[in-house]
Amino acid sequence: MGSKTDVWQGTLALMILKTLETMGPQHGYGIARRIEQTSGHKLLVNYGTLYPALLKLEQEGYIKSAWGVSDNNRKAKFYQLTKAGRKQVEREAREWNETTAILAKFLSPDEV
Amino acid sequence: MTSLRAALLRLCGLFPGARRDRELSEEIQSHLQKHIDHNQRAGMPLGEARRQAFLAFGGVEQTKERYRDRRGVPAFDVLRQDVRYALRTFGRNPGFAAVVVVTLALAIGVNALAFGVVNAVIFRPLPIDHPERVVFVQPNVESEVSHSFPNYRDLRDRNVTFEGLFGYRMSPMDVEVNGDPRRAWGYLATGNYFDVLGVRPAIGRFFHEADDQKPGAAPFAVLSHDFWMAQFHGDPSIAGTIIRINRLPYTVIGVAPASFVGTEVFFRPRLWVPMMMQAQIEVGNPWLENRSTFNLMVAGRLKAGVSPVQATANVNVVAGSLAREYPESNKGLSFRLTKPGLLGDSLRSPVQAFTVGLLALAALVLLIACANLASTLAARGADRAREIAIRLSIGASRGRIIRQLLTETLMLSSAAGAAGYLIAYVASAALSTWQLPIDLPTRFDIHPDTFVFLFTFAASIAAGLIFGLAPARQTSTVDANATLKSLDGATGRQRNRWPLRDVLVAVQVALCFVLVAACLLSLRGLQQTLTMPVGFEPKGVSMVGFQLGLGGYDRSRGMAFQQRALEAVNRLPGVDHAAFSNSLPLNINQSSTEVFPEIPSNQRTSRGRAVVPYAVSPGFFDTLGIPIRRGRAIEARDIFGAPRVAVVNETFARQILRTSDAVGRRFRFEPNAPPIEVIGVIGDGKYRSLTEDPQPAVFTAILQRYDSETTLVVRASVPEDQMVAQIRGALTQLDPALPLHSAGSLEHMLALPRLPNRAAATALSAFGLLAIILAATGIHGVVAYAVARRRREIGIRVAIGATASDVLRLVVGRMAALVAAGAIAGLGLAILLGPLLTQVVYLASPREPVVLAAVGALVLLVGLIACWAPAVRSLRIEPVIALRQE
């Protein structure tokens with residue numbers, strides 16, 4: 001459980017950014033659902049943890065937010081990527097891929 | 001960039017935002033609503049849909065809290081809470097806060113003031129361009145600071161390490177503005193003075209090397225800013241104006257900027273005149289071409305890249321060749337380089353020792369104040385044990401509690417620091433405008449600057465930490481369980497130990513002992529310097545000075561005038577004795593000259609010995625009350641044409657003539673000058689300062705060796721101020737245009753040499769008084785607290801038959817032990833710190849048993865008085881009332 005949370009904390013920002021890149025402007029609940037679906041319901045963490053992360057990204061200037069109306073006519077706050085955010089997704093995705101590739105080499109059984 | 005941006009936004013988030021909070025609530029609400037809708041669509045009943053949505057979200061309030069933490073900076077939020085809480089605490093008990101702030105403000109103010117003095121006289125550089133490259137060239141001889149002009153000229157021309165080397169000398173001048181002659185002190189300065197220092201004129205121009213070439217041919221004057229303002233009302237067209245100095249016309253060519261007041265910290269010149277005018281300024285005493293007259297201060301700016309070590313080596317090479325070329329005046333000549341501003345290091349080391357000693361004692365006052373507040377706070381902390389126990393039990397960490405308590409003390413100490421700085425600011429402004437009661441324009445500019453501000457700030461933070469940390473730690477170790485269960489829980493664990501507040505009382509008493517001892521010892525030292533034999537009897541003697549050369553008198557008219565003045569003064573009613581001389585012992589203008597044995601026996605003794613010279617008229621010794629030990633005094637028969645004679649003091653006889661009976665011995669003022677016969681020996685006295693070792697002094701006959709600088713001294717049975725007025729009247733009748741100076745009593749003149757001790761004693765008395773008050777309030781606070789705390793216990797004891805003396809023993813006994821322990825520790829400390837004290841006050845001896853015993857008695861007495869009121873209160877405790885109260 002602990003390790004899972006650590007992964008969640010460390011990669012949540014990238015997941016949010018990637019989600020916004022694929023889906024366009026989205027509200028908090030939508031982002032949470034999408035992350036859960038994409039993970040194949042393997043990441044089961046409180047949705048509440050999403051909001052401080054969103055605030056952090058907004059403070060860093062990677063996303064911006066505005067109030068709008070969602071599909072079922074309810075008021076919701078929509079988040080979308082900024083230009084800096086797009087670059088950040090690219091950069092972080094690349095770094096993540098490199099890291100996982102390296103780790104994969106360590107962990108793959110046919111190595112040795 | 002992004003983290004900076006985030007930090008800024010977070011800082012903005014510090015300000016409470018109800019709107020932002022509402023927005024967050026709405027967002028969360030909208031999130032939950034969507035989840036509920038979703039769940040319902042998936043077929044859940046409303047209740048279950050809601051439950052699942054809330055479960056998935058996690059704690060709503062926790063999320064908000066984390067969100068807010070992210071929005072602001074948590075440390076600041078906590079600080080804001082702590083500050084608000086502290087303010088509420090102070091509000092509940094404003095008397096306590098006020099006492100703390102006032103106590104600490106006084107102690108910090110004293111420190112800021114003392115540091116301001118150290119800063120101004122020791123640290124602050126001269127207001128010139130790159131002051132760190134300017135050094136003072138000092139002869140390697142004890143208490144010698146000056147050079148002869150020919151030596152300076154050679155040193156200037158032969159060294160290769162100085163960009164420029166300049167000379168200067170303080171000199172009194174008669175400056176006539178609008179027909180009104182006034183004595184004004186200024187600098188004679190070589191032509192390169194301003195250029196080497198890199199000072200730029202406020203108005204007009206300064207004189208340069210080229211202006212200062214031929215003796216007597218540079219009649220220029222540069223005015224100081226305040227002299228220009230005071231005498232010429234800041235006239236912007238002053239340049240080109242002709243003023244008269246010593247009755248000769250000089251052209252004012254410029255005004256120095258307000259920030260530049262010469263090259264000595266304590267001296268504020270009124271004007272600068274080129275060195276080549278020396279003979280016209282110091283009338284009757286030309287010394288520019290005399291290699292044996294050491295009258296010139298020399299300083300210079302090192303060339304870029306030259307280290308002081310290299311420069312020292314270089315000037316000493318020059319000194320070596322000067323010693324070989326002019327052995328009779330330069331034998332053994334060598335130089336060292338020192339920091340300029342306090343006449344090299346001749347004034348620097350005593351001034352430094354004095355001011356730093358003062359600062360150390362001020363720090364002691366601050367320590368006492370801290371101990372005082374710490375003990376009060378520790379007592380109060382015990383009272384707050386319940387409050388803290390409650391906070392601990394509802395989840396506050398101990399770190400958080402300590403932080404809260406420290407926030408409180410730091411707030412108090414910062415407020416005290418601000419007040420203390422204000423006190424120091426006002427006090428130093430008052431001190432800076434203060435002028436010594438003498439003609440010499442002194443400068444004592446101790447206005448606090450940024451440095452002083454930073455010091456005060458650091459001192460108040462340190463004080464807050466010192467007096468807050470120990471009690472805070474003690475308080476935060478409160479056992480919440482025990483405290484909440486019993487009414488008296490906090491102290492339960494400590495009953496058998498010495499609580500911190502008790503130890504602090506002993507510390508206070510010890511420090512107080514040291515300060516009071518320092519204060520009393522210095523006062524004794526002062527009393528001794530006031531009554532110490534100075535070699536003459538100043539009481540009843542009046543003096544008036546005038547410079548006949550400035551008054552336009554030549555030698556023969558001058559001598560006639562001196563005689564007429566003496567006769568006129570002798571005719572005044574009440575006059576017992578009257579005489580005149582060129583200078584007086586302990587007056588500010590002491591000179592030095594060399595004497596040589598009659599027959600130069602060998603190379604070793606052919607070098608002259610420095611002595612303090614005076615030229616005096618008949619009756620001088622009677623007037624000043626100087627005892628004649630052997631032979632006779634200077635008499636009316638010792639005139640031009642008669643054999644040259646002199647009277648020497650005992651030290652001269654012993655050290656230079658190597659005999660106790662010097663009458664009949666002879667010596668010379670120059671190796672080849674005619675010999676002078678000693679006709680009498682007088683008792684030793686003080687000549688340059690009260691603290692000097694015995695100095696050889698020689699008194700020649702002014703009737704054989706005319707000096708236009710004249711000081712009339714009169715011993716009379718009438719009060720001095722009346723006498724001075726009468727002398728002035730008599731002299732004005734003889735010559736209404738002659739400017740008079742230094743008029744006053746001899747006691748008045750002695751105020752200057754006595755000043756350091758007087759200042760030290762004043763400061764120390766203030767410190768001592770402060771220390772006593774602090775110790776008394778500290779002891780009182782702790783005893784009063786103990787009595788209040790133990791009301792119930794005392795009530796029970798009285799109810800079961802304790803007598804008054806039992807109660808007193810209970811209340812006062814412990815305190816008496818503490819005070820006694822503190823006093824013993826203080827005695828040890830005082831003896832240990834004694835050497836520091838002797839630096840501050842001349843003649844203060846750290847081991848005077850009578851004084852130390854008196855201090856001990858005083859401290860015990862103060863302790864007793866401080867205990868008195870609470871002890872009496874404890875006797876009045878009515879068991880019935882005391883027991884019903886809880």
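Structure: above.
Thresholds applied
Residues numbered from 1 in each chain as written. Chains lettered and ligands numbered in written order. Predicted model: local features only at pLDDT ≥ 70, side-chain atom pairs only at ≥ 80, totals over all residues. Heavy atoms only, no water. Helix = DSSP H or I, 4+ residues; strand = E, 2+ residues; numbered from the N terminus. Buried < 20%, exposed > 50% of the residue type's maximum accessible area, 1.4 Å probe, protein only. Contact = heavy atoms within 4.5 Å. Areas by Shrake-Rupley, 256 points an atom, 1.4 Å probe, with all protein chains shown as cover. Pairing = 2+ DSSP bridges. Axes fitted to C-alpha atoms, helices over the stretch in contact; angles between N-to-C directions. Parallel < 35°, antiparallel > 145°, perpendicular 65-115°, else oblique. Left-handed = near helix turned anticlockwise from the far one by under 90°. Nonpolar A, V, L, I, M, F, W, Y, C, P; charged D, E, K, R; others polar. Phe/Tyr/Trp six-rings, centres within 6.5 Å; stacked < 30°, edge-to-face > 60°. Lys NZ or Arg CZ within 6 Å of the ring centre and 35° of its normal. Buried area = accessible area lost by both parts, 1.4 Å probe. Salt bridge = Lys/Arg side-chain N within 4 Å of Asp/Glu carboxyl O.

Draft legend 1. How the structure looks around the overall build of chain B. Per the secondary structure count, chain B includes 30 helices and 21 strands. Here chain B holds 886 residues, and the buried ones make up 51% of them. Once local pairs closer than 6 in sequence are excluded, the contacts in chain B between residues at least 24 apart make up 79%. Total accessible area computed for chain B in this model is approximately 39200 Å², and 60% of it derives from carbon and sulfur atoms.

Draft legend 2. How the structure looks around the side chain of A:Gln26. Summarising the element assignment, A:Gln26 is placed in strand E1 (residues 26–27). If sequence neighbours within four positions are ignored, A:Gln26 has contacts with A:Leu20, A:Ile31, A:Lys77, A:Phe78 and A:Tyr79.

Draft legend 3. Molecular detail of the sheet that holds strand E3 (residues 75–81) of chain A. All names here are of chain A. If you trace the three strands from one edge of the open sheet to the other, you get E1-E3-E2, paired in antiparallel fashion. Of all the strands in the sheet, just E1 and strand E2 (63–69) have a single pairing partner and so form its edges. Sheet topology note: the E1/E3 ladder contains two bridges and is antiparallel. Opposite Gln 26, over in E3, you have Tyr 79 as the bridge partner. This element, helix H3 (residues 50–60), spans E2 and E3 of the sheet and lies at about 120° to E2.

Draft legend 4. A look at the packing of helix H7 (residues 149–158) of chain B against helix H11 (residues 308–325) of chain B. Residues and elements named next belong to chain B. For the pair H7 and H11, interaxial distance at closest approach is 10 Å and the crossing angle is 135°. Classed by the angle they form, the pair H7 and H11 counts as oblique. As for the relative orientation of H7 and H11, their crossing is right-handed in sense. Listed contacts from H11 to Asn 151, Asp 154, Leu 155 and Arg 158 of H7 are Val 315, Val 318, Ser 321, Leu 322 and Glu 325. Tallied by class, residues from the contact of H7 with H11 come to four nonpolar, two polar and three charged.

Draft legend 5. Main features of the packing of aromatic side chains. Residue and element names in this part refer to chain B. Under the defined criterion, the tally for this structure stands at 29 aromatic pairs over all chains. Considering the side-chain rings of Phe 194 and Phe 207, the 5.4 Å spacing of their centres and the 70° angle between planes classify their relative orientation as edge-to-face. A residue pair is termed long-range when its members are at least 10 positions apart, and Phe 194 in helix H8 (residues 193–197) and Phe 207 in the loop between strand E4 (203–204) and strand E5 (220–223) qualify at 13 residues. Under the relative-accessibility criterion, Phe 207 is labelled buried at 0%. Consider the rings of Tyr 421 and Tyr 425, whose centres lie 6.3 Å apart with planes at 45°: the pair is tilted. Residue Tyr 421 and its partner Tyr 425 are located together in helix H15 (residues 398–433), separated by four residues, close to a single helical turn. Take Tyr 421: its relative accessible area is 17%, and that puts it in the buried class. In this structure an aromatic cluster arises from ring pairing among Phe 166, Tyr 168, Tyr 187, Tyr 193, Phe 194, Phe 206, Phe 207, Phe 260 and Trp 272. Positioned over the ring face of Phe 220 is Arg 205, at 5.7 Å from the centre of the ring. Here the guanidinium or amino end of Arg 705 rests over the ring plane of Phe 669, the centre of that ring lying 4.8 Å away.

Draft legend 6. Structural view of the interface of chain B and chain A. Facing the 25 residues of chain B at the interface are 27 residues of chain A. Carbon and sulfur atoms make up 56% of the area that chain B and chain A hide from each other, which totals about 2400 Å². The three residues of chain B that bury the most area against chain A are B:Glu27, B:Lys34 and B:Arg70, which together make up 27% of that side's buried surface. A salt bridge links A:Lys75 to B:Glu26, with the nearest nitrogen and oxygen atoms 3.2 Å apart.

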